[in-house]
Amino acid sequence: MTPLALGLVAATGLIVGMLNAVAGAGAILTFPLMIGLGLSPLAANVTNCVGVVPGSVAATIRLRKDLRGQAATLRKVVPPVAIGSVLGVILLFILPGKVFDYAAPVLLAVGAVLVLTQPLLAKKLRTVSARRNTPALVASMAANGAYGGYFGAGVGIIFAALIGLLVTDDAHRMNAMKNVLQTVANGVAGLIFCFTAPVNWPAAIVLAVTTAIGGPLGARLARHLPAPALRSVIGILGLITASSLLLRAF
């Protein structure tokens with residue numbers, strides 16, 4: 001890539017790091033940018049996946065106070081997310097690209113609507129015991145982990161929706177958990193891509209550095225947003241991302 005192209009990646013990476021910390025919607029910017037800079041869809045996908053991981057890690061560290069007391073829940077959900085991510089990578093190499101071109105916008109749109117309506121839906125789901133919710137939680141985490149390994153645009157938004165529906169907690173603590181899960185989904189896939197996929201390393205390294213700077217900034221912003229505002233930001237960005245992916249599919 002030219003120095004100008006890498007400069008665009010750097011500027012975008014700062015914004016993407018912040019977006020992923022707040023809503024998990026950074027791919028709305030990075031994926032089309034990579035395509036515009038001449039990368040193939042596969043190279044753009046895997047380069048983006050590798051490049052955003054440091055930003056998610058940095059945001060998670062910044063939000064570590066909100067993760068206190070969540071170890072039991074994380075022990076339930078992290079393994080299925082990691083396993084799902086591996087399955088998603090396998091699907092990436094064996095399925096036609098058009099499969100998720102059409103599925104991704106639908107999943108994102110549903111996730112965004114679930115985030116926006118989460119207080120109402122969660123109130124109804126609280127009548128179901130945590131024990132009965134556990135299988136649904138594990139299965140949904142594995143499924144979204146697979147989506148994250150396959151493509152990952154907006155994976156954090158869908159995690160936010162699932163956590164909001166199946167875990168009873170404060171919105172900011174759930175956002176911190178969302179950051180952990182998107183880090184796992186992207187991190188497991190990204191590690192595999194480092195050895196098996198056409199990662200554009202100059203772009204990935206620049207993206208990694210700048211998202212790592214933007215991630216803590218976004219995490220700080222997320223902690224100061226009131227819960228309704230945080231849900232609104234996540235939901236609206238999810239609908240925008242879904243619309244952009246749907247337009248790209250057609």
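Calculation criteria
- Residues numbered from 1 in each chain as written.
- Predicted model: local features only at pLDDT ≥ 70, side-chain atom pairs only at ≥ 80, totals over all residues.
- Heavy atoms only, no water.
- Core = buried A, V, L, I, M, F, W, Y, C linked by side-chain atoms within 4.5 Å.
- Buried < 20%, exposed > 50% of the residue type's maximum accessible area, 1.4 Å probe, protein only.
- Helix = DSSP H or I, 4+ residues; strand = E, 2+ residues; numbered from the N terminus.
- Contact = heavy atoms within 4.5 Å.
- Disulfide = S-S within 2.5 Å.
- 1 Å grid on protein atoms, 1.4 Å probe; cavity = no way out; pocket = protein on both sides within 12 Å on 5 of 7 lines; lining within 4 Å.
- Points joined across faces, edges and corners; volume = space filled by probe spheres on them.
- Nonpolar A, V, L, I, M, F, W, Y, C, P; charged D, E, K, R; others polar.
- pLDDT = per-residue confidence, 0-100.
- Axes fitted to C-alpha atoms, helices over the stretch in contact; angles between N-to-C directions.
- Parallel < 35°, antiparallel > 145°, perpendicular 65-115°, else oblique.
- Left-handed = near helix turned anticlockwise from the far one by under 90°.
- Patch = residues over 30% accessible without salt bridge, like charges linked within 9 Å, V, L, I, M, F, W, Y side chains within 5 Å.
- Areas by Shrake-Rupley, 256 points an atom, 1.4 Å probe, with all protein chains shown as cover.
- Salt bridge = Lys/Arg side-chain N within 4 Å of Asp/Glu carboxyl O.

1. Some remarks on the nonpolar core
Among the nonpolar cores identified, the biggest contains 67 residues, and M141, Y147, F151, L181 and F193 are the most heavily contacted of them. If one sorts the elements of this core by residue count, helix α8 (residues 155–166) sits on top with 10 residues. Ignoring any residue separated from it by four or fewer positions in sequence, one finds F193 in contact with V46, C49, V50, V89, L92, F93, G149 and V199.

2. Thoughts on the state of the cysteines
Here the structure, examined in full by the defined rule, presents 0 disulfides. C49 takes part in no disulfide bond, and the closest cysteine sulfur, belonging to C194, lies 8.8 Å away. Overall, C49 belongs to the buried group, its relative accessible area being 4%.

3. Looking at the layout of surface pockets
There is about 230 Å³ of room inside the second largest pocket. Only α3 (41–62) and α5 (98–116) provide two or more residues apiece to the lining of the second largest pocket. Considering each element in turn, the lining of the second largest pocket owes the most residues, 3 residues, to α3. Residues of the lining of the second largest pocket, tallied by class, amount to 8 nonpolar, 2 polar and 2 charged.

4. Remarks on the environment of L91
Secondary-structure assignment places L91 in helix α4 (residues 71–94). Spatially, the C-alpha atoms of L91 and A242 are 21 Å apart, while their sequence positions differ by 151 residues.

5. Observations regarding the confidence of the model for the protein
The predicted model of the protein has a mean per-residue pLDDT of 85, with 92% of residues at 70 or higher. Here helix α6 (residues 118–125) is the element of the protein with the lowest mean pLDDT, 63, and α4 is the one with the highest, 94.

6. Considering the packing of helix α2 (residues 27–36) against α3
Put simply, α2 and α3 touch, their axes get as near as 9 Å, and they point 140° apart. Viewed along their axes, α2 and α3 adopt a mutual orientation that is oblique. Between α2 and α3 the crossing geometry is right-handed. Residue-level inspection shows A27, T30, F31, M34 and I35 of α2 in contact with α3, the latter providing P41, A44, N45, T47 and N48. Residues belonging to the contact of α2 with α3 are distributed by class as follows: 6 nonpolar, 4 polar and no charged.

7. Considerations on a nonpolar patch on the surface
Taken together, L14, I15, M18, L29, W201, I205, V209, I213, L217 and L221 make up a surface patch of nonpolar side chains, about 850 Å² in accessible area. At 6 residues, helix α10 (residues 201–224) tops the list of elements feeding residues into the nonpolar patch. Summarising the element assignment, I15 is placed in helix α1 (residues 3–22).

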